[in-house]
Amino acid sequence: MTQITETELPHWPPVNPARSPFALIDDAERQPLADRAVTRVQLPTGATAWLVTRHTEVRQLLRHQAFSSDLLRPGFPLLRPLPPEVTADAQGAFIRLDGEAHLRLRRMLTAEFMIKNVRRIEPLIHQTVAEALADLAAAGSPADLVSTFALPLPSKVICHLLGVPYADHDFFQSRSRLLLDRQAPIEQIQHAAQELRDYLRSLIDAKQAHPDEADDLLSRLIRERVEPGELGVDELGGMALLLLIAGHETTANMLGLSVLLLTRHREQWAILRDRPDVVPGLVDELLRYLSIVRTGLFRVATEDVEIGGRLIRAGEGAIALLSLANRDPGVFDDPEGFDPYREAHQHLAFGFGMHQCIGQPLARAELRIALVELGRRFPDLRVAVDPQELSTRDNSVVFGLDALPVTW
């Protein structure tokens, strides 16, 4: 076998964006990754890491206790150097913690996002969808589905659940997008993160100074966790920051891409109106096929571990590529095809293991309700431009569309 030097390693993330919103990676970039489950790649920093692309091996990596999410650990596969003043606390997200430190905070949120609790708030989701549909109709045809429907809907829901004023949505949405932009200047990202932390800290301080019986998540956590001393205010701020960003960016981008995909074939769009019973499964297939977290989940090994026949040594970075794992032919028949009737529940769009997305029941409910009601209200909805003309968020941690002009 020919020995590959590090200067010839595939680059990650890809140098060339995919030609279509539905192609997860450009064919030329994908080819070097096709033959192995685990491949060494070169990062923009010049460091190397292991890219794990198959379903079985991605699950193995994400559930293994020897892979850390702490980006401050030596060897963590960073896409750009961290400024020296960055600390774990400054990241404001317990998803960067490992083991019991992570579980302690995660358990405080688990009950909030259990399926039975999400079902209790489905009337709120229905109401919010109805309001967003009314706004879309009022905007008139053609309209931008992203700004008029896909983004406001999850933003309003997560603001209601957290107790964050939706009137401030322009502020936190603009900062959120900066935080997810892989090419934004690091100084701008730091400034945006600090603005969000300051905003949430002021909100928490106000709720503490004027306690009431409000039933939003922040108020409950203040009463039940902060005041008894189980949770620090900074920790609560980190939770709120994570939920606020993840709670609207992911679902908003999924909605825009889902509409673009389903409206390509009228029989698929008609499913939303005529077969709402199959839409829960359809949502899973959308999550599998679109896989909006396309750069992967980043880890660093804390001990030597063999994955897919490759020895990943302690201190080496590893990237679990959810998108290609979701198109693994060993798990999914015709994985490059979209099948609205596929049983796709094995997909990894929400991750796997102890860091699996805690808000997935809420995301599924929002997608299901939003798509069904959109299909009913606008049965003739179609994209108003050539899909090749659409601007995509290739440099964002969460892939999506900048806008989606639609008509009906």
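See the structure printed just above.
Rules behind the numbers
- Residues numbered from 1 in each chain as written.
- Predicted model: local features only at pLDDT ≥ 70, side-chain atom pairs only at ≥ 80, totals over all residues.
- Heavy atoms only, no water.
- Buried < 20%, exposed > 50% of the residue type's maximum accessible area, 1.4 Å probe, protein only.
- Helix = DSSP H or I, 4+ residues; strand = E, 2+ residues; numbered from the N terminus.
- Pairing = 2+ DSSP bridges.
- Core = buried A, V, L, I, M, F, W, Y, C linked by side-chain atoms within 4.5 Å.
- Contact = heavy atoms within 4.5 Å.
- Axes fitted to C-alpha atoms, helices over the stretch in contact; angles between N-to-C directions.

A. Structural view of the pairing of strand S1 (residues 38-42). Of all five residues making up S1, four are buried, and the element is well covered by its neighbours. Bridging between S1 and strand S2 (residues 48-52) involves five bridges; their strand directions are antiparallel. Bridge assignment links Thr39 to a residue of S2, and that residue is Leu51. The antiparallel pairing of S1 with S2 creates a hairpin that spans five residues between the two strands, and Gly46 there sits at a positive phi of about 95 degrees.

B. Main features of the nonpolar core. Phe149, Val164, Leu286, Leu290, Leu374 and Leu404 are the most contacted members of the largest nonpolar core, which totals 89 residues. Sequence-distant contacts of Leu404, that is, excluding residues within four places in its chain, are made with Ala143, Asp144, Leu145, Val146, Gly256, Val259, Leu260, Val383 and Leu390. Formed by 19 residues, the second largest nonpolar core is a distinct cluster that contains Val38, Val52, Val58 and Ala320.

C. Inspection of the environment of Ile189 at higher detail. Counting through the fold element by element, Ile189 comes out in helix H10 (residues 186-209). Residue classification places Ile189 among the buried positions, given a relative accessible area of 15%. Considered as a pair, Ile189 and Phe298 are 109 residues apart in the sequence and their alpha carbons are 19 Å apart. Setting aside anything within four residues of it in sequence, one finds Ile189 in contact with Arg80, Leu178, Leu179, Asp181 and Ala184.

D. Structural detail: the sheet that holds S1. The five strands lie next to each other as S1-S2-S8-S5-S3, forming an open sheet whose pairing is mixed. Edge positions in the open sheet fall to S1 and strand S3 (67-68), since each of these has one partner strand only. Sheet analysis places S3 next to strand S5 (residues 297-301), joined by two bridges and oriented antiparallel. Directly across from Phe67, in S5, lies its bridge partner Ala301. Helix H2 (residues 55-63) rests against S2, S3, S5 and strand S8 (317-320) of the sheet, and its axis sits at about 125 degrees to S8.

No statement about biological role is implied by the geometric values presented.
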